[in-house]
Amino acid sequence: DAGVIQSPRHEVTEMGQEVTLRCKPISGHNSLFWYRQTMMRGLELLIYFNNNVPIDDSGMPEDRFSAKMPNASFSTLKIQPSEPRDSAVYFCASTSTGFTEAFFGQGTRLTVV
Amino acid sequence: QKEVEQNSGPLSVPEGAIASLNCTYSDRGSQSFFWYRQYSGKSPELIMFIYSNGDKEDGRFTAQLNKASQYVSLLIRDSQPSDSATYLCAVNMAKGAGNNRKLIWGLGTSLAVNP
């Protein structure tokens, strides 16, 4: 298996634009997590899905952020409109059970100018 | 008090020495504890997890858990320059109502192993 695959690896966009981040979890994993990492706040859980259903989205900063998981092999995180303070590295991770080892993708480095 | 606290470092040790990384947590009911390593510009990767009080050893790594004192530590024996990275502590703790649990992360400790 190729592991968790995220795209794009880097994204530079202008303030106000829509940004869509994509994630393909490891086949057979039934939990998927979206994280945001910054120097100041570290790793923050934005939302997690279990069996494609959003279980906890309390970490989503505001209505500008939305996430979907239409099937077991694909998830998106959308920011609309983007703001400079959204600049961070966004990680997707998947696991086969609730809270044992989570396997991370390589991350998407988002820069909003 | 932060939910999961780590000394940000940097912690600097000479090659071959023992590196000791510490983590404290606020929720006494926390059940499982994880140590991840993150190289600069890379994603976190799991080193060890521990559920029970005491020590758990895996090669050069030992995780130590003391639930009464609410701390978990990671010892790295015979430290190598390739161990230089940020080490993240993560704790599975209850959040909010019901049985909702989350993995809460510390900000990480930067370790530098000097040749």
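See the structure printed just above.
Asker: Report on the layout of surface pockets, specifying residues and quantitative values.
Answerer: Approximately 630 Å³ is the volume attributed to the largest pocket. Around the largest pocket sit 24 residues that line it, and A:Gln37, A:Met39, A:Arg109, B:Gln38 and B:Gly41 are the ones nearest its centre. Counting residues per element, the ones that place at least two in the lining of the largest pocket are β4 (31–38) and β9 (88–95) of chain A together with β9 (85–94) and β11 (109–114) of chain B. In terms of residue count, the dominant contributor to the lining of the largest pocket is β9(A) (three residues). As a volume, the second largest pocket reaches approximately 370 Å³. Residue lining of the second largest pocket: 15 residues in total, with A:Leu43, A:Glu44, A:Leu45, B:Glu3 and B:Ile104 positioned closest to the centre. Of all the secondary structure elements, the ones that give two or more residues to the lining of the second largest pocket are β5 (42–50) of chain A together with β10 (101–105) of chain B. At four residues, the largest contribution of residues to the lining of the second largest pocket is made by β10(B).

Asker: Describe the nonpolar core, listing the residues and the values that go with them.
Answerer: Residue and element names in this part refer to chain B. Core analysis: the largest hydrophobic core is formed by 25 residues, its most contacted members being Val4, Trp35, Val72, Leu74, Ile76 and Tyr87. Mapped onto this core, the elements with two or more residues apiece are β3 (19–25), β4 (32–38), β5 (45–50), β7 (61–66), β8 (71–76), β9 and β11. No other element matches the five residues that β9 contributes to this core. Contacts of Val72, omitting those with residues within four sequence positions, involve Leu21, Asn22, Cys23, Phe33, Trp35, Ile50, Gln64, Leu65 and Cys89.

Conventions used here
- Residues numbered from 1 in each chain as written.
- Chains lettered and ligands numbered in written order.
- Predicted model: local features only at pLDDT ≥ 70, side-chain atom pairs only at ≥ 80, totals over all residues.
- Heavy atoms only, no water.
- 1 Å grid on protein atoms, 1.4 Å probe; cavity = no way out; pocket = protein on both sides within 12 Å on 5 of 7 lines; lining within 4 Å.
- Points joined across faces, edges and corners; volume = space filled by probe spheres on them.
- Helix = DSSP H or I, 4+ residues; strand = E, 2+ residues; numbered from the N terminus.
- Core = buried A, V, L, I, M, F, W, Y, C linked by side-chain atoms within 4.5 Å.
- Buried < 20%, exposed > 50% of the residue type's maximum accessible area, 1.4 Å probe, protein only.
- Contact = heavy atoms within 4.5 Å.

Distances and angles like these do not, on their own, reveal function.
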